[in-house]
Amino acid sequence: MKKGKTALLIVGALVLLLAAGICSMGLLFQSTTDNAESLYSQIDNEKIAPITPHGGMNYRYTLPAYTESGAVKNLELDTSRELKDGAYILVHVAPLRGVISWEEVRYDELPSNVKAHYEK
């Protein structure tokens, strides 16, 4: 009888640990989405390379990107296709998750600290 109670306690503790882990992952997912960093870049089709396809992504751009304050960062952006050369993009990057979204933007939508890095 003691073995049965001990086993039940162990299983219960494991279930609680698993539930706590799942909940904390949900909080981490949400917090990384809320804490995403905005980076701005310009597409350069000379900086694209084919990659082993994953999740519909076939290409990787390695580009310089700039924060809203103008600080430079290295950006790796996986895409399903070659993008419009010279287009400006706004990319949201979350800790641990990486790129979570991107969109094309007009030059006049770039922050002034970012515009300083591009000629128009």
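Remember, predicted model here, so these are calculated numbers, not experimental data.

Reading guide: rules and limits
Residues numbered from 1 in each chain as written. Predicted model: local features only at pLDDT ≥ 70, side-chain atom pairs only at ≥ 80, totals over all residues. Heavy atoms only, no water. Salt bridge = Lys/Arg side-chain N within 4 Å of Asp/Glu carboxyl O. Helix = DSSP H or I, 4+ residues; strand = E, 2+ residues; numbered from the N terminus. Buried < 20%, exposed > 50% of the residue type's maximum accessible area, 1.4 Å probe, protein only. Contact = heavy atoms within 4.5 Å. Polar contact = N/O pair within 3.5 Å; in protein donor to acceptor, adjacent residues only side chain to side chain. Core = buried A, V, L, I, M, F, W, Y, C linked by side-chain atoms within 4.5 Å.

(A) Broad picture of the pattern of salt bridges. Considering all chains together, one arrives at 5 salt bridges under this definition. For Asp 78, the salt bridge is made with Arg 60, and the minimal N-O distance between the two is 2.6 Å. Note that Asp 78 is positioned in strand S4 (residues 72–79) and Arg 60 in strand S3 (residues 57–66), a separation of 18 residues in sequence. Among the residues examined, Arg 60 registers a relative accessible area of 28% and is labelled partly exposed.

(B) Representation of the environment of Gln 42 in the model. By secondary structure assignment, the location of Gln 42 is in strand S1 (residues 37–42). The sequence separation of Gln 42 and Glu 104 amounts to 62 residues, and the corresponding C-alpha distance is 9.3 Å. Excluding residues that lie within four positions of it along the chain, Gln 42 makes contacts with Leu 63, Gly 86, Ala 87, Tyr 88 and Tyr 118. There is a polar contact of 3.5 Å between the side chain of Gln 42 and the side chain of Tyr 88.

(C) Main features of unusual backbone geometry. Despite not being glycine, Leu 96 shows a phi value in the positive range, around 70°. When you line up the elements, Leu 96 lands in the loop between strand S5 (88–94) and strand S6 (98–105).

(D) Region of the structure containing the nonpolar core. If you look at the biggest cluster of nonpolar residues, it comprises 12 residues: Leu 39, Ile 43, Ile 48, Tyr 61, Leu 63, Ala 65, Leu 75, Leu 77, Leu 83, Ala 87, Ile 89 and Val 91. Looking at this core, the elements with two or more residues in it are S3, S4 and S5. Considering every element that reaches this core, the biggest residue donor is S3, with 3 residues. Counting 9 residues, the second-largest nonpolar core is a separate cluster that includes Tyr 66, Tyr 88, Tyr 107 and Leu 110.

Shape descriptors only; they carry no functional weight alone.
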